[in-house]
Amino acid sequence: MAASSSRIMLGPLVAAIDQGTSSTRFLVFNAKTAELLSHHQVEIQQSFPKEGWVEEDPKEILQSVYECMDRTCEKLTQLNIDISNIKAIGVTNQRETTIVWDKETGEPFYNNQNIPCPVAMWMVKCMLTEMLHYTCSVWLDLRTQSTVERLINRTPGRNKNHLKHKTGLPISTYFSAVKLRWLMDNVEEVRRAILSHRALFGTVDSWLIWCLTGGEKSGVHCTDVTNASRTMLFNIHSLDWDPDLCKYFDIPMEILPKVRSSSEIYGVNYISPDFTQILLWSAALVGQMCFQDGQAKNTYGTGCFLLRNTGPKPVMSDHGLLTTVAYKLGRDKPACYALEGSVAIAGAVVRWLKDNLGIIQTSTELEKLAAGVGTSYGCYFVPAFSGLYAPYWEPSARGIICGLTQFTNKSHLAFAALEAVCFQTREILDAMNQDSGIPLSQLQVDGGMTSNKLLMQLQADILCIPVVKPSMPETTALGAAMAAGAAEGVSVWSLSPEDLSEVTSEKFEPQINPEESEFRYARWKKAVQRAMNWETTEPVVNGKADASIFSSVPLGFYVLGSMFMLIGAKYIAGQCVLSRCD
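Residues numbered from 1 in each chain as written. Predicted model: local features only at pLDDT ≥ 70, side-chain atom pairs only at ≥ 80, totals over all residues. Heavy atoms only, no water.

Engineer: How should the pairing of strand S15 (residues 296–300) be read in this particular structure?
Structural biologist: Every regular strand shows the same layout, with side chains that alternate between the two sheet faces. For S15, the buried fraction is high: five of the five residues fall into the buried class. As judged from the five bridges shared by S15 and strand S16 (residues 304–311), these two strands associate in the antiparallel manner. Within S16, the position partnered with Tyr-300 by the bridge is Cys-304. Taken together, the three bridges between S15 and strand S21 (residues 443–446) define a ladder with parallel strand orientation. (Buried < 20%, exposed > 50% of the residue type's maximum accessible area, 1.4 Å probe, protein only. Helix = DSSP H or I, 4+ residues; strand = E, 2+ residues; numbered from the N terminus. Pairing = 2+ DSSP bridges.)

And the structure:
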C-alpha cells in the first residue's frame, strides 16, 4: 500500500451505493468535477420459485454492498487516492422490493411458502427441508394478484384508482403495501413477529441503512420521501404515512420506517474500518440535472422508468401514469413531484434471452445479433412476464411473440426484443405528452442499456425525436452522490445551476420517416392486445387450478386424511366380504 504522504489529494469525494434489481455497485465521484474515479459491481441472484414469483436474498444484497465498498476502496488505494476524503455516501435502490426483518436479531424473515414436498413422508420431509432461506419479494413479483383483486373488490365500483387521490398510484401488485399484506396473510413467522413487536418493514433502502448504521444495536430505521411514495401507505400531499391508508391495508404503523428528506444526514457507517462516512439518500432526476418543470429522463435498467418533473405540485395522470415524489433536497425544502411511466421488463428481457433461451451469452452479443439483420422481419415481442405496467396496469397480460414465419431466426428475435423496449417507452411517452399537453422535444436517457447504440438509435426512430445520452451513463448513482454531497452538514457539492459541471453527451437523431415509425408502432399495439387477459388469479396446469396442492399445510392434511379414510374403508369392506365368504 502506498504511504499516506504519497496519496493523491483530489479534494472532497462522495460515494454512492447503487443497489439495483440485477446488480449492486459502489461508485466514488470527485465532488468538484463530478468525475467517476472508481467503482465495483456485483451481480445479484434472482430466484423464480413459482410462476410469477420473483425473489432475492436480503443478506446477499447486503453482502454485495460490503463487497463493492471494499473492492472500490482497494482500487482507490491502488490509485494512491486517499479514501479518508470520502465525505458522504448516497444511496439509490430498487424501490418497491419488500423486506420484513427481526429488529432483535437483524435476520430477515423466512418465506416458507416455496417448499414443494411430495405426498410420501410429507410431514417429515417438510420439517426437514425448511432450511433457513431468506427472501424478499421483488417489485416484479406477481404472487399478490389475488390480494390486489380482493382489495379492488372492496372499493366502490371496483375502481383500481380508488386510493390515487392520496397515493398517486393504482392498486397494483407493483407496490409494497400489497406485498407486505401478502406476507402478513401467508407467512406465520411474519405475523407472529408483528404481534410480538419484533418486526420492521422497509424497502431495500431502509434495510441497507439499518444494517450499515449498526443493525440490531443502533440501526437507523428510516426511508426517504421518494421510496415512501411507492408503498401505497404514504400520503404524497402531507408527505407522511397516512393512518387511513394503513387502516385500509390493515398494516400497523409501528413497523414502518421514519420518513426523511432525500438529502440529509441519517447516520454514520460503522462497517468499514477505513472510513465512517455519513449515509444519505438518493434523488432520481438530480443526476440528469432535471431540476426544471417539464424536464424528463428515462432510465433503462431491469425495467424502464420515465420521469417528468412537474414542479412543486403533484399532477394526477388521466392516462395511466403514476404521480410520485421526485425529490426533497433537505428537511426544510419543498418536495418536487414527477409523473412516472414504469415498464416492468426492459433489461430483464436480455437476461431472459441469455438465461432462459440461451440464444446469447452476453448483452453485447444481443446488439451484434440484432444489428446483423437490421429488422425484426415482422416479428413482435411483448415481454409481459410480470403483466403490463404503465399505461395499462394489466396484471393478467403475459409475454407473447407473434408474427413468426419459417424465415424468422434468433437474430430477428433479438431485434424484436430491443424494439420491445423502445415501443414500451413510446407508450409511456405518449401518455406523458397527453397529460402535460406539451410534447417532449428530446429524451434524456441513462442506465446500463444505453451502452447499446442500436437500442438508442431504435429509440430515436420509434419516438421520432432525438435521444440524448450522457457520456457518463451512471447518472442515477451520480444523482445519489450529488444529493449526499449537497446535504446540510456535508455541503461539499453545490446544486446551484451555475456550479454544476457541464455534461457531455451523444445525440441520436431519428433516421426513418414518421410513417414507417407509426406503422411499426401500430403493429406493436396490435401485439399488446393479443397479450391481454391471458392469465387468471389461479394458474391452471393440466386442467387443475394449482399444480402444487401440497404447498398448503391444511390442504395437505385434508388430502392425507382422505387417503387414510379411503384405505381404511376399503380394508373394512374387504374384511366384511371375507367374513361372508367364511
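Engineer: How do you make sense of the pattern of salt bridges when you look at a structure like this?
Structural biologist: It is possible for side chains of opposite charge to pair when their charged atoms get near one another. Evaluation of the coordinates by the stated rule reveals 26 salt bridges. Measuring nitrogen to oxygen at the nearest pair gives 3.3 Å for the salt bridge that ties Asp-244 to Lys-166. Placement of the pair is Asp-244 in helix H9 (residues 243–249) and Lys-166 in helix H4 (residues 164–167), with a sequence separation of 78 residues. On the basis of relative accessibility, which here comes to 18%, the residue Lys-166 falls in the buried class. Put simply, Lys-354 and Asp-355 hold a salt bridge, and the shortest N to O gap is 2.9 Å. (Salt bridge = Lys/Arg side-chain N within 4 Å of Asp/Glu carboxyl O.)

Engineer: Mind showing me how you'd approach the nonpolar core here?
Structural biologist: Soluble globular proteins: nonpolar side chains tend toward being buried together. Within the largest apolar cluster, 134 residues are counted, with the highest numbers of intra-cluster contacts made by Phe-29, Phe-249, Ile-251, Tyr-300, Val-382 and Trp-493. Considering each element in turn, this core owes the most residues, 14 residues, to helix H12 (residues 410–436). Setting aside its immediate chain neighbours within four residues, Phe-249 contacts Leu-151, Leu-163, Ala-177, Val-178, Arg-181, Met-232 and Leu-233. Among the nonpolar cores identified, the runner-up in size contains 32 residues, and Cys-68, Ile-83, Cys-211 and Leu-212 belong to it. (Core = buried A, V, L, I, M, F, W, Y, C linked by side-chain atoms within 4.5 Å. Contact = heavy atoms within 4.5 Å.)

Engineer: Would you take a moment to explain the sheet that holds strand S22 (residues 467–470) for this structure?
Structural biologist: Backbone hydrogen bonds hold the strands of a sheet together, and the pairing may be parallel or antiparallel. Strand order in the open sheet made by the seven strands is S17-S18-S16-S15-S21-S22-S23, with mixed pairing throughout. Among the strands making up the open sheet, the edge pair consists of strand S17 (322–327) and strand S23 (505–508). Strand-to-strand twist across the sheet, computed as the mean angle between neighbouring axes with direction ignored, equals 30°. (Axes fitted to C-alpha atoms, helices over the stretch in contact; angles between N-to-C directions.)

Engineer: Sorry if this is basic, but what is going on with the confidence of the model for the protein here?
Structural biologist: One rule of thumb: low pLDDT means the predicted coordinates there are not for detailed reading. Confidence along the protein averages 83 in pLDDT terms, with 80% of residues attaining 70 or more. Across the protein, strand S10 (residues 234–235) holds the top mean pLDDT of 97, while helix H2 (residues 122–129) sits lowest at 28. For the stretch residues 576–582, pLDDT sits under 50, and the model shows zero contacts to residues farther than four places along the chain or on other chains. (pLDDT = per-residue confidence, 0-100.)

Engineer: Even after reading the chapter, I still don't get the packing of helix H5 (residues 176–186) against helix H6 (residues 188–195), so can you show me in this structure?
Structural biologist: Relative placement of two packed helices is described by the angle separating their axes and the distance separating the axes. As a packed pair, H5 and H6 sit with axes 5 Å apart at the nearest point and diverge in direction by 95°. Relative to H6, H5 is oriented roughly perpendicular. Between H5 and H6, the residues in contact are Leu-183, Met-184, Asp-185 and Asn-186 and Glu-188, Val-190, Arg-191 and Ile-194, respectively. Across the contact of H5 with H6, the residue classes tally to four nonpolar, one polar and three charged. (Parallel < 35°, antiparallel > 145°, perpendicular 65-115°, else oblique. Nonpolar A, V, L, I, M, F, W, Y, C, P; charged D, E, K, R; others polar.)

Engineer: How should unusual backbone geometry be read in this particular structure?
Structural biologist: Only a minority of non-glycine residues have a phi that is not negative, and only a minority of peptide bonds are not trans. With an omega of 0°, the peptide bond running from Ala-390 to Pro-391 counts as cis. As for its position among the elements, Pro-391 is in the loop between strand S19 (380–382) and strand S20 (400–402). The phi dihedral of Leu-239 falls on the positive side, at around 60°, and the residue is not glycine. At Trp-393, a position not held by glycine, the phi torsion is positive, near 50°. Inspection of the secondary structure puts Trp-393 in the loop between S19 and S20. On the accessibility criterion, Trp-393 (8% relative accessible area) is buried.

Engineer: Help me understand the pairing of strand S5 (residues 86–93) in this model?
Structural biologist: The element S5 is largely enclosed, with a buried count of seven among its eight residues. Bridge count between strand S1 (residues 13–19) and S5: seven bridges; the pairing is parallel. Opposite Ala-16, over in S5, you have Gly-90 as the bridge partner.

Engineer: What's the story with the packing of aromatic side chains in this structure? I'm lost.
Structural biologist: Two aromatic rings, taken as a pair, are described by how far apart their centres are and by the angle between their planes. For the coordinates displayed, the defined rule picks out 17 aromatic pairs. Look at Tyr-174 and Tyr-389: their rings are 4.5 Å apart centre to centre, the planes differ by 35°, and that puts the pair in the tilted class. Pair noted here: Tyr-174 is in the loop between H4 and H5 and Tyr-389 is in the loop between S19 and S20, with a separation of 215 residues, a long-range link. Grouping residues by exposure puts Tyr-174 and Tyr-389 together as buried. Centroid distance Tyr-389 to Trp-393: 5.4 Å. Interplanar angle 20°. Geometry classified as stacked. By relative accessible area, Tyr-389 is classed as buried at 4%. (Phe/Tyr/Trp six-rings, centres within 6.5 Å; stacked < 30°, edge-to-face > 60°.)

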